[in-house]
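Residues per chain, in single letters:
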Amino acid sequence: RSLTGVTLSSTIVFEQPTPHAIAAHLLEQLGLSAAEAQVDAPLAVTHPHESGVTLALCGMVGRWPGGSNHDSTRWELQAACGDAMGSVPASRWVLEHAVDVSTISAAQLACVGHGGFVLGAERFDSAAFGVSPAEASAMDPQQRLLLELGYTSLHGASHRRVTLMGGDGGVFLGIERPDWAVAQPPSARSSVYAVTGDNVSAAAGRVSFVLGLQGPCSSVDTACSSALVAVHWGAYAVRGGDSRAALALAVSLKL
């Protein structure tokens, strides 16, 4: 402001997400043109993958805090401003065992005793996916959810495992670095399955392997936008002919 006399919004980096966009916005506020300020025009960006391919959403499913297990229920929950928060399930942790409650305030105690929890996240039908009980016990629950809901979504789109096997379907996963390994006792960390059990790169590959999908497969971590990026790359792969179909997945459990 001291240099230009223009007051910029505190959220300008979100509204104008590139240096060039910020500069153009500033010039507009000053009443100058790019030519007057000797600012070069941005290079035109072409998208060879935008070949007019029409995308279709064939199946969708979700599991959300508060017991909602279907997409329609989720939107109903949001529309009604439903409360998906609840007390911490004993299967997650017992607060008194995790922290000295005498060291935190009453307000903190009320907050940390509640959260949004996906019910039944600890359950898994390992036999349905050819996973041994020993391996299942070492798997991050996020990976188990991905197998269950990924297949459920495809099944809802009229796909069956026998028709998927060997196909070029792609798997694009949005996932953050899991804390499953940290949450486990030392005895569990020594399992031979621990290496793949909490590995984000193995999480997407596990879905492809179980379903026999041979298209592109990747895990992406862009924090809160991971799900959107996974959908973007899935659409990009289909438009570019890398795969006939794409399964976009996202998961986030704080354990």
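Model, not experiment: these values are computed from the prediction. (Residues numbered from 1 in each chain as written. Predicted model: local features only at pLDDT ≥ 70, side-chain atom pairs only at ≥ 80, totals over all residues. Heavy atoms only, no water.)

Draft legend 1. Structural context of the overall build of the protein. Each helix and strand in the protein was counted, giving 13 helices and five strands. Taken across its 255 residues, the protein has 30% of its residues classed as buried. Accessible surface computed for the protein: about 15800 Å², of which carbon and sulfur atoms make up 59%. (Helix = DSSP H or I, 4+ residues; strand = E, 2+ residues; numbered from the N terminus. Buried < 20%, exposed > 50% of the residue type's maximum accessible area, 1.4 Å probe, protein only. Areas by Shrake-Rupley, 256 points an atom, 1.4 Å probe, with all protein chains shown as cover.)

Draft legend 2. Local environment of the nonpolar core. Among the nonpolar cores identified, the biggest contains 25 residues, and Leu146, Leu147, Leu173, Val207 and Leu249 are the most heavily contacted of them. Among the secondary structure elements, those contributing two or more residues to this core are α7 (141-156), β3 (170-175), α12 (200-211) and β5 (246-251). A per-element tally of this core places α12 first, with five residues. Setting aside chain neighbours within four positions, we find Val207 in contact with Leu146, Leu147, Val171, Leu247 and Leu249. (Core = buried A, V, L, I, M, F, W, Y, C linked by side-chain atoms within 4.5 Å. Contact = heavy atoms within 4.5 Å.)

Draft legend 3. Local environment of unusual backbone geometry. Despite not being glycine, Ser158 shows a phi value in the positive range, around 70°. Look at Ala223: it is not a glycine, yet its phi comes out positive at around 60°. Relative to the helices and strands, Ala223 resides in the loop between β4 (217-220) and α13 (226-239).

Draft legend 4. Region of interest: the pattern of salt bridges. The final tally for this structure, using the stated rule, is four salt bridges. Between Glu148 and Arg63 there is a salt bridge, and its shortest N-O distance comes to 3.3 Å. Residue Glu148 is found in helix α7, and its partner Arg63 is found in the loop between α2 (19-30) and α3 (71-79); the two are separated by 85 residues along the sequence. Look at Glu148 and you get buried, because its relative accessible area is 15%. One salt bridge in this structure joins Glu122 and Arg123, with 4.0 Å as the shortest N-O distance. (Salt bridge = Lys/Arg side-chain N within 4 Å of Asp/Glu carboxyl O.)

Draft legend 5. Highlighting the side chain of Ser153. As for its position among the elements, Ser153 is in helix α7. Setting aside its immediate chain neighbours within four residues, Ser153 contacts Gly59, Met60, Val61 and Leu247.

Draft legend 6. Region of the structure containing the packing of α7 against α12. As a packed pair, α7 and α12 sit with axes 10 Å apart at the nearest point and diverge in direction by 45°. Classified by the interaxial angle, the pair formed by α7 and α12 is oblique. In this structure, α7 meets α12 at a crossing whose hand is right-handed. Contact with α7, carried on its side by Gln143, Leu146, Leu147, Tyr151 and Leu154, involves Ala203, Arg206, Val207, Val210 and Leu211 of α12 and no other residues of that element. (Axes fitted to C-alpha atoms, helices over the stretch in contact; angles between N-to-C directions. Parallel < 35°, antiparallel > 145°, perpendicular 65-115°, else oblique. Left-handed = near helix turned anticlockwise from the far one by under 90°.)

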